[in-house]
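# Survey of secondary and tertiary structure
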Amino acid sequence: MLLTEPEIQQVLEQVQAAFPNLTDWEYNNEKNDEYFGFSVWGQLVVNSEELIMPRRFFITLDTYEDKWQGCLTIGQHSYLWSSADVGDAHLVDTEPSETLQEAMAELKAKIAELLAAFS
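Criteria and thresholds
- Residues numbered from 1 in each chain as written.
- Predicted model: local features only at pLDDT ≥ 70, side-chain atom pairs only at ≥ 80, totals over all residues.
- Heavy atoms only, no water.
- Helix = DSSP H or I, 4+ residues; strand = E, 2+ residues; numbered from the N terminus.
- Expected span 1.5 Å × (residues − 1).
- Buried < 20%, exposed > 50% of the residue type's maximum accessible area, 1.4 Å probe, protein only.
- Arc of directions from axis to C-beta.
- Contact = heavy atoms within 4.5 Å.
- Core = buried A, V, L, I, M, F, W, Y, C linked by side-chain atoms within 4.5 Å.

Turning to helix H3 (residues 100-116), a few remarks are in order. An ideal rise of 1.5 Å per residue puts 24 Å on 17 residues; H3 measures up with 24 Å between its terminal C-alpha atoms. Listed in full, the buried residues belonging to H3 are Leu100, Ala103, Met104, Leu107 and Ile111. Taken down its axis, H3 places every buried residue within 95 degrees of arc, on the same side.

Listed below in structure tokens is the structure:
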């Protein structure tokens, strides 16, 4: 699924409001060798003062056909051929959802569940 420019701006506003501590939001809005369509991602940098290797966590929300999915990765955002998509950097993902709001809610619930396991 590809989005119009007004739809992209609306998605950016929604993801930034849902994940206010993430920064450097970027997106892709084309089908190519790395994406099925629209994808948006933002990052949270932990230990940013660490010069050699700060920890970078990414939230990625993307489309496949007419569904939305979300994931939490470490190291880089998720895309088709990234190690974050298939390797040890992939932490949490969601099932396909009808709407962006459903995908974000499910992703937040899965992240909370993951963090609760460590407390």
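The next subject is the side chain of Asn28. Within the secondary structure, Asn28 is located in strand E1 (residues 23-29). What makes Asn28 buried here is its relative accessible area of 10%. Those residues in contact with Asn28 that lie beyond four places of it in its chain are Tyr35, Gly37, Phe38, Ser39 and Trp41.

Relative to the helices and strands, Leu12 resides in helix H1 (residues 5-18). For Leu12, a relative accessible area of 12% puts it in the buried group. For Leu12 and Met1, which are 11 residues apart along the polypeptide, the C-alpha to C-alpha distance reads 16 Å. Residue contacts for Leu12: discarding those within four places in its chain leaves Trp25, Tyr27 and Val40.

Counting 21 residues, the largest nonpolar core has Val11, Val15, Phe19, Val40, Ile59, Leu61 and Trp68 as the members making the most contacts within it. Residue assignment for this core shows that the elements contributing at least two residues are H1, strand E2 (38-46), strand E3 (55-64), strand E4 (67-74) and H3. Those residues within four positions of Ile59 in sequence are excluded, and the remaining contacts are Phe19, Leu22, Trp25, Val40, Trp41, Gly42, Cys71, Leu72, Leu107 and Ile111.

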